[in-house]
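# Observations on the model geometry
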Amino acid sequence: MNDMASIPFVGEFRQVEGHLPGGAWVTKLREAALARIGEQGFPTRRNEHWKYTDVSALLKAEFIPAPLASMPEAFFQGVQRFELDCHQLVFLNGVFRPNLSSNSLPAGLTVKTLAAAIEEDAEALQPFLARERDSAFAALNTAFMHEGVLIEAAPGTVLEKPLHLVFLSAAHEPQPVVTHPRIIVRAGRAAALRFIESHLGLEGARNFTNVVTDVLAEQGAQVRQLRLIEAAADESHIANIHAELRRDAVFVNHQVCIGGKLVRNDIRVDLVEENASVALNGLVLANGSEHVDNHLDVRHMAPRTQSDQAYRCILDGRARAVFNGRVYIAPRAQKIEANQASNNLLLSKLAEIDTKPELEIYADDVKCSHGATVGQLDENMLFYLRSRGVDADTARSLLIYAFADEIIRRIGIASVRAAVEAAVLGRLPDADSIRHFTMEAS
Amino acid sequence: MLKIDNLHARVEDKEILRGLNLEVKPGEVHAIMGPNGSGKSTLSNVLAGRDGYEITAGSVRYLDKDLLEMAPEERAREGVFLAFQYPVEIPGVNNVYLLKAGLNAMRAHRGEEELDAADFLMLVREKMKLMQMDESFLKRGVNEGFSGGEKKRNEILQMLVLEPKLCILDETDSGLDIDALKVVSQGVNASRAADRAIVMITHYQRLLNYVEPDFVHVLYQGRIIKSGDKSLALELEERGYEWVVQEAAA
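About the cut-offs
Residues numbered from 1 in each chain as written. Chains lettered and ligands numbered in written order. Predicted model: local features only at pLDDT ≥ 70, side-chain atom pairs only at ≥ 80, totals over all residues. Heavy atoms only, no water. Contact = heavy atoms within 4.5 Å. Buried area = accessible area lost by both parts, 1.4 Å probe. Salt bridge = Lys/Arg side-chain N within 4 Å of Asp/Glu carboxyl O. Polar contact = N/O pair within 3.5 Å; in protein donor to acceptor, adjacent residues only side chain to side chain. Helix = DSSP H or I, 4+ residues; strand = E, 2+ residues; numbered from the N terminus. Nonpolar A, V, L, I, M, F, W, Y, C, P; charged D, E, K, R; others polar. Buried < 20%, exposed > 50% of the residue type's maximum accessible area, 1.4 Å probe, protein only. Pairing = 2+ DSSP bridges. Axes fitted to C-alpha atoms, helices over the stretch in contact; angles between N-to-C directions. Domains from an automatic or database assignment. Parallel < 35°, antiparallel > 145°, perpendicular 65-115°, else oblique. Left-handed = near helix turned anticlockwise from the far one by under 90°.

Turning next to the interface of chain B and chain A. Each side of the interface is counted separately: chain B has 35 residues, and chain A has 23 residues. Summed over both partners, the interface of chain B with chain A buries about 2400 Å², with 63% contributed by carbon and sulfur atoms. The tally of links between chain B and chain A comes to two salt bridges. Of the charged contacts, one joins Arg386(A) and Glu73(B) as a salt bridge, the two residues approaching to 2.6 Å between their closest N and O atoms. The interface formed by chain B and chain A contains ten residue pairs in polar contact (both at pLDDT 80 or more). It is helix H3 (residues 95-109) of chain B that provides the largest number of residues to the side of chain B that touches chain A, a total of six residues. Across the side of chain B that touches chain A, the residue classes break down as 20 nonpolar, seven polar and eight charged.

Residues and elements named next belong to chain A. Burial within strand S17 (residues 306-315) is extensive, with eight of its ten residues counted as buried. Pairing geometry for strand S15 (residues 277-286) and S17, over ten bridges, is parallel. Each residue of the ladder has a partner; that of Leu280, found in S17, is Gln309. Pairing between S17 and strand S19 (residues 336-346): ten bridges, direction parallel. Bridged to Cys313 within S19 is Asn344.

Strands pair in a sheet through their backbones, by hydrogen bonds, and they do so in one of two ways: parallel or antiparallel. Residues and elements named next belong to chain B. Across the sheet, which stays open at both edges, the six strands sit in the order S6-S9-S10-S3-S11-S12 with mixed pairing between neighbours. The open sheet has two free edges, formed respectively by strand S6 (80-83) and strand S12 (223-228), since each of these has just one partner strand. In this sheet, adjacent strand axes meet at a mean angle of 20° when their direction is disregarded. Two strands pair when backbone bridges link them, and strand S9 (residues 166-170) and strand S10 (residues 197-202) are joined in this way by five bridges, in the parallel orientation. If you follow Ile168 over to S10, its bridge partner there is Val199. Relative to the sheet, helix H5 (residues 148-162) contacts S6 and S9, its axis offset from that of S6 by approximately 165°. Together, strand S3 (29-33), strand S11 (215-220) and S12 form the strand contacts of helix H7 (residues 230-239), whose direction differs from that of S11 by roughly 45°.

Geometrically, the link from Glu173(A) to Pro174(A) is a cis peptide bond, its omega value of 0° lying close to zero. Structurally, the position occupied by Pro174(A) is in the loop between strand S6 (163-169) and strand S7 (177-179). We note that Asp248(A) has phi near 60°; this positive angle belongs to a residue other than glycine. We note that Glu12(B) has phi near 50°; this positive angle belongs to a residue other than glycine.

Looking now at the domain arrangement of chain A. Residue and element names in this part refer to chain A. By the assigned domains, chain A splits into domain 1 (4-273) and domain 2 (379-442). Taking only C-alpha atoms, the centre of domain 1 and the centre of domain 2 are 32 Å apart. Opposite the ten residues of domain 1 that make contact, domain 2 presents ten residues. Between domain 1 and domain 2 the total buried area reaches about 880 Å² when both faces are included, carbon and sulfur atoms providing 81% of it. Linking domain 1 with domain 2 are zero salt bridges.

The subject of this paragraph is the packing of helix H4 (residues 117-130) of chain B against H5(B). How two helices pack is summed up by the angle between their axes together with the distance between the axes. Residue and element names in this part refer to chain B. At their nearest, the axes of H4 and H5 sit 10 Å apart, and the two run at 135° to each other. The orientation of H4 relative to H5 falls into the category oblique. Handedness of the crossing formed by H4 with H5: right-handed. Residues Phe120, Leu123, Val124, Lys127, Met128 and Leu130 of H4 touch H5, and the partners they reach there are Leu157, Leu160 and Val161. Tallied by class, residues from the contact of H4 with H5 come to eight nonpolar, no polar and one charged.

Our focus in this paragraph is the pairing of strand S13 (residues 250-258) of chain A. All names here are of chain A. Burial of S13 is extensive: nine of the nine residues sit out of reach of the surface. Every second residue of S13 is oriented toward a common face, with Val250, Val252, His254, Val256 and Ile258 on one face and Phe251, Asn253, Gln255 and Cys257 on the other, all of them buried. The pairing of S13 with S15 spans nine bridges and is parallel. Its bridge partner being in S15, Gln255 is matched across the sheet by Gly282.

The subject of this paragraph is the pattern of salt bridges. Applying the stated rule across the entire model yields 41 salt bridges over all chains. Glu17(A) serves as the salt-bridge partner of Arg14(A), at 3.2 Å between the closest nitrogen and oxygen. Judged by its relative accessible area of 31%, Glu17(A) is partly exposed. Between Lys230(B) and Glu212(B) there is a salt bridge, with its nearest N and O atoms 2.8 Å apart. Taken together, the residues span a long stretch of sequence, with Lys230(B) in helix H7 and Glu212(B) in the loop between S10 and S11 at a distance of 18 residues. Classification of Lys230(B) by relative accessible area gives partly exposed; the value is 39%. Residue classification places Glu212(B) among the partly exposed positions, given a relative accessible area of 41%. Each of Arg131(A), Arg133(A), Asp214(A), Glu218(A), Glu244(A) and Arg246(A) takes part in salt bridges that share partners, so that together they form one network.

Written out as structure tokens, the structure reads:
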């Protein structure tokens, strides 16, 4: 085993452990996670799944763990841009802020901060906390997990309003902050819930957010998740998401990634019983030298399960994006339908997309499709719009927006869709002149 | 209104227009006919300002301004309209909002106030009725999923709403069945006005049965080699282009 103190992040564990929640069982879990990192280390570009995403600079950077960082309350005055009609939980640099959160929750829904849930009964969460994950960053989260959310919907509970988890990241000096939020969502039989996870980087933030999320959808449950990652230009965000779907369960995940120095999301979905279905939609906007990597891994373990992956990237400057979409179909998992589409728009010569489908099919009665496109703005479309009196910049923005809108329009909740539209428009020039062109406006 | 003088244009290394002359006055309807490869589409693209054409000689004056110096959107705002031979589909961009943006850009250019939503919708509905287009067009993306005939009708609808001064119709009759041709022709005839000129570029004479031109020109190898009145179109229909070519060579 390496000298633990010399491994990135791990060295700070002894300073922080006194601040972390949980009894002996959790401590054992944390130590095991540290040992795993010590043995296997962090991924390098020699690892096939990290070939295009280099974490070496992130590992060299110095961060202060969230429990040790201080953050004057005044700092967050005026941060009020997430006014959705939702039950809301707000975290500032990884620390839960009850004063910014709403507390009236409907019957059948339990929401606890992770710290409270761990203190109460960590072992009840064993299937989630102790889940095997092939990721050093997920292990790092397990070792340091401090704050987060446990959401439990009792059988049959149908949540009218979505839950909104807001993770605000603000500049912290001299050292930026590393946070390890942990989110656990358990939807009982026939329960239905929607939650939004917003990761908003405020200007100047250089923080690192390392999220782990678990979703369990019991028979007939429906879970819809929107992850909105609006990272500041110097921020890093790594997420490891695992969803398990039982019979007839539905999981829909939308990811909207706007910027970030390094963003990497791994989403694994296990369709473990018949007729479970998943839709993974993604939109990536990156500019400058931003880097966004999405790795999807859908595993059809049971017959008659369905999956749909639709990702779109819009890249400008020297930005780089990665899309890796894996679909695994187990032997005897017959009557499967699996679709995958990766469409990419490159707005500059130096932008780069690496898109890779990975299909592993061990059953013979399956319907699978996959397709990838990489292109520039269509000159014929631009000319057509200009020939009708639309100026060149507006025409460009309009076409970029229309490309993005193919994903945005899949977002079911109107107010959330509008918020995402606004966030995307905010990145485009001539936003005001194109707002009226969208289908939504009609 | 439009004066094309000795226009030479090339695409990559190929010279397509080789000394084209044409003068169009307000109120006139011109038909430009010619065999395939004579430069018909190049002419309409050059007039509308599409990239990829190099003007090597000559000039185009429009309302006493240098048309070739203007960006495509400036030309549109000054009243030049091209009805495309192959209108492009633009999913996600609403048909009617494009129309509204175009119209308001033109009005702003002329120093007029924007049309409010209700007046605009009334105007569009009235023109849609003329073009026999149903309400669903209001909701759809630009040409998205339209049939060939619907696309052509949509072009003429745009022309009716935008009320340009110079209308260039590029092979608007191609791919239309007889009923659609009648509807499209109705739209074009409704556009005829004393202060508006129409240039129809066409391979066949059948559109001219419905929209009677004042002048007919034969375009061949990048030049107009013969001009006449509408009887020339009928003669071309009957005898083909060969005799005109031989006559011009003699």
